[in-house]
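Secondary and tertiary structure notes
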Amino acid sequence: MAVDLSRQGYRVQRWAARGALAAAVLAVATPLVYGGLRGLLLLVCGVAGLALSAAAVWWTLTLRGPLRWGAALIAVCVPVGLIALFAATLFWALLASLVLWVLAVWSGRFALRGTGSERARTRERRLPPPRRPVLIMNPRSGGGKVGRFRLREKAERLGARVVLLDPGKEHDVTALARAAVADGADLLGAAGGDGTQALVAAVAAEHDIPFLVISAGTRNHFALDLGLDRGDPAACLDALTDGVELRVDLGFAGEQPFVNNASFGAYAAIVQSPAYRDDKIGTSLNMLPDLLTGQQGPRLVARAGDTTLTAPQAVLVSNNPYRTGDPFGLGRRERLDSAVLGVLGVRLEGAVGAAALLLNPDPSGLTILTAPEVVIEADRTEIEAGIDGEAMVLPAPVRCRIAPGALRVRVPRRRPGVTRTPPRLDWRRLRKLAATVGRTAAPGRLRRPYVAPHPPTAPPAPAPPQAPDVSGVPAAPTEPPRSGAPQETAGPRSPHQ
């Protein structure tokens, strides 16, 4: 007897959803039942403490002098005191609650796998190796990764021509890439940070030739989201001989390309400061009070589709949206070919807004959406921007757009790959899945559509017997059917005829 593995697997998911809901309820109830009224008071104190901590963080960023240090002390001491109070009062109940929460999250995500929430993987194409690859390498990126991993030597052994930037000079990377294409390059590559990658990638997209990413920068978010090994940039060169091609999107802020993101507002203003590169923390703390309170910097308006963000402190426009449902996956993108920009806008009104941002599951001060185009306006003729970490000043308004599938990226066939994104923990979907019973729990794609049976077709009547031909004259041919009359064809009849 055959076993329906699809229904059996879905039955397991259904019970996992029920287990997740039960574990979540027990995680909340255990401290309350164990502590009684004291546990309820501790819960209220915990919520109030979190709100106070969020407000203290806001004061730390917007105040100066002794008040700032006092606020920073509150922001650190309140959470530590709450943890100590809960641990000393609830004992094992707190530990049991944490274990139950972990179980609830794990079971919930297991239950939601295979319910249609996964995204399709980017399609790979096998193409022959390039004949005249040209790679532009920045020896200063990543603290000298080009020299440390001997990237130039390996690339030249594989047949690539390397253009090594002089650390003591300013180079027009775009002009170098275009000159390489004019000289016959059939692949462009870049070893450097996201800013260098974006400039070379735009030229490759312009001429529709493959682009090779070498993760020789400090962070290399683009390489990470492509599934490349950031710890071993030399492995990226394997794509020259054993590679596959991916089609991904490319973002533009005005005429400036970006592979990662374009930021406007507070961060963009801070990176413009000449002192930022040498003292990031000190420069940020010095400029943030005026930027966050609106005393310095332009007043921005961001328009994305039907949504308008007025006077946000910061706007981040990304080439494809970032993950938001997984705290361990922040800063990562599930896909690079969804053909939409990710938009993250922050507008906080004082300490109360900061507290609401932490406690409210859907805070009004945080806007997260997607759009194919975003327009950033300002009360000035120019807008400060950070394009893939590079400080720029762009003429206002700035139109951010995405070019779907404009970039052909060549990557090694064997690479770590993008980590699979766990499904977002949606308690409403979990309740629906847990409540289903029997055949209704099976996913729609596993059910066969109902087709009404055709009525049985009567067999054709036998031909009447003919008298034997005794005259020796051949019988007359059968008269062909008149025009428009249905014709019978030889062979067995279809059951649908």
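As a reminder, the structure under discussion sits directly above these lines.
Calculation criteria
Each chain has its residues counted from 1, running along the sequence as written. Two thresholds apply to this predicted model, a pLDDT of at least 70 for residue-level local features and 80 or more for giving and counting side-chain atom pairs, whereas whole-chain, interface and lining totals are computed over all residues. Side-chain calculation: all heavy atoms of the structure are included, whereas hydrogens and water are not. Each helix corresponds to a stretch of at least 4 residues labelled H or I by DSSP, and each strand to a stretch of at least 2 residues labelled E; elements are numbered beginning at the N terminus. Remark: exposure states derive from per-residue accessible area (1.4 Å probe, protein chains only) relative to the maximum for the residue type, with buried under 20%, exposed over 50%, and partly exposed in between. Whether two residues touch is decided by their heavy atoms; if any such pair falls within 4.5 Å, the residues are in contact. Accessible areas in this description were obtained via Shrake-Rupley with a 1.4 Å probe; residue shielding takes into account the shown protein chains only. When DSSP finds two or more bridges between a pair of strands, those strands are recorded as paired. To obtain an axis, a line is fitted to C-alpha atoms, over the contacting stretch when the element is a helix, and the angle between two such axes runs from 0 to 180 degrees between their N-to-C directions. A pairing counts as a salt bridge when a side-chain nitrogen of Lys or Arg comes within 4 Å of a carboxyl oxygen of Asp or Glu. The criterion is simple. A nonpolar core is a set of buried Ala, Val, Leu, Ile, Met, Phe, Trp, Tyr and Cys residues joined through side-chain atoms within 4.5 Å. Each patch is assembled from residues with relative accessible area greater than 30% and no salt bridge, linking like charges that lie within 9 Å and nonpolar side chains (Val, Leu, Ile, Met, Phe, Trp, Tyr) that lie within 5 Å. By the counting scheme adopted, Arg and Lys are positive, Glu and Asp are negative, and His together with the chain ends is not counted. The atom standing in for a charge is NZ when the residue is Lys, CZ when it is Arg, CG when it is Asp and CD when it is Glu. Polar contacts here mean pairs of N or O atoms no more than 3.5 Å apart (in protein, one a potential hydrogen donor and the other a potential acceptor; neighbouring residues in sequence count only if both atoms are side-chain atoms). Here is the rule: rings of Phe, Tyr and Trp (six-membered ring for Trp) pair when centre to centre is within 6.5 Å. Planes less than 30 degrees apart are stacked, more than 60 are edge-to-face, and the remainder are tilted.

Details of the overall build of the protein
A tally of regular secondary structure across the protein gives 13 helices and 17 strands. Relative to its full complement of 497 residues, the protein shows a buried share of 40%. In the protein, of all internal contacts separated by at least 6 residues, the share reaching a separation of at least 24 is 73%. For the protein, the accessible area works out to roughly 28,600 Å², and carbon and sulfur atoms hold 59% of it.

Topic: the sheet that holds strand S8 (residues 261-265)
The 6 strands lie next to each other as S13-S12-S11-S8-S15-S16, forming an open sheet whose pairing is antiparallel. Strands with a single pairing partner mark the edges of an open sheet, and in this sheet they are strand S13 (366-371) and strand S16 (390-395). This sheet shows a mean twist of 25° between the axes of neighbouring strands, independent of strand direction. When S8 meets strand S15 (residues 382-387), the two strands line up antiparallel, connected through 3 bridges. Directly across from Ser-263, in S15, lies its bridge partner Gly-386.

Quick look at the pattern of salt bridges
For the structure on display, the rule yields 18 salt bridges. With its nearest N and O atoms 3.5 Å apart, the salt bridge here joins Asp-290 to Arg-64. Of this pair, Asp-290 sits in helix H11 (residues 280-292) while Arg-64 is found in the loop between helix H2 (37-62) and helix H3 (66-90), placing the two residues 226 residues apart along the sequence. Two residues, Asp-183 and Arg-161, come together in a salt bridge whose shortest N-O distance is 4.0 Å. Residue Asp-183 is located in the loop between helix H7 (173-182) and strand S4 (187-191), and its partner Arg-161 is located in strand S3 (residues 161-164); the two are separated by 22 residues in the primary sequence. Through salt bridges with shared partners, one network takes in Arg-125, Asp-208, Glu-245, Arg-247 and Arg-408.

Here we look at the nonpolar core
Core analysis: the biggest nonpolar cluster contains 36 residues, and Leu-188, Phe-211, Phe-222, Leu-226 and Leu-407 have the highest contact counts within it. Listed by contribution, the elements that provide at least two residues to this core are strand S2 (133-137), H7, S4, helix H8 (194-207), strand S5 (211-214), helix H9 (221-225), strand S6 (243-253) and strand S17 (398-412). The element contributing the most residues to this core is H8, with 7 residues. Ranked by size, the runner-up nonpolar core spans 23 residues in total, among them Ala-262, Leu-341, Val-343 and Ala-385.

Concerning a positive patch on the surface
A cluster of like positive charges, contributed by Arg-140, Arg-219, Arg-277 and Lys-280, occupies part of the molecular surface. Relative to the helices and strands, Lys-280 resides in helix H11.

What to know about the side chain of Asp-249
Relative to the helices and strands, Asp-249 is located in strand S6. In this structure Asp-249 is buried but unpaired, with Arg-335 as the nearest side chain of opposite charge at 8.0 Å. Only 3.2 Å separates the side chain of Asp-249 from the side chain of Asn-320, close enough to count as a polar contact. From its side chain, Asp-249 meets the backbone nitrogen of Ala-339 in a polar contact 2.7 Å long. Apart from the residues within four sequence positions on either side, Asp-249 is in contact with Asn-319, Asn-320, Leu-336, Asp-337, Ser-338, Ala-339, Val-340, Ile-402, Ala-403, Pro-404 and Gly-405.

Considerations on the packing of aromatic side chains
Evaluation of the coordinates by the stated rule reveals 2 aromatic pairs. Ring geometry for Tyr-34 and Trp-92: centres 5.1 Å apart, planes at 70°, overall edge-to-face. Of this pair, Tyr-34 sits in helix H1 (residues 5-35) while Trp-92 sits in helix H4 (residues 92-112), and the two are 58 residues apart along the sequence. Given a relative accessible area of 32%, Tyr-34 falls into the partly exposed group.

Here we look at the pairing of S4
Counting buried positions along S4 yields 5 of 5 residues, so the element is predominantly enclosed. Here S4 shows a buried face lined by Leu-187, Gly-189 and Ala-191 and a second buried face lined by Leu-188 and Ala-190. Here S2 pairs with S4 via 5 bridges, running parallel. Note on S4: the bridge partner recorded for Ile-136 is Ala-190. Bridging between S4 and S5 involves 4 bridges; their strand directions are parallel. Its bridge partner being in S5, Ala-191 is matched across the sheet by Ile-214.

Take it as geometry only, folks, not as evidence of what the structure does.
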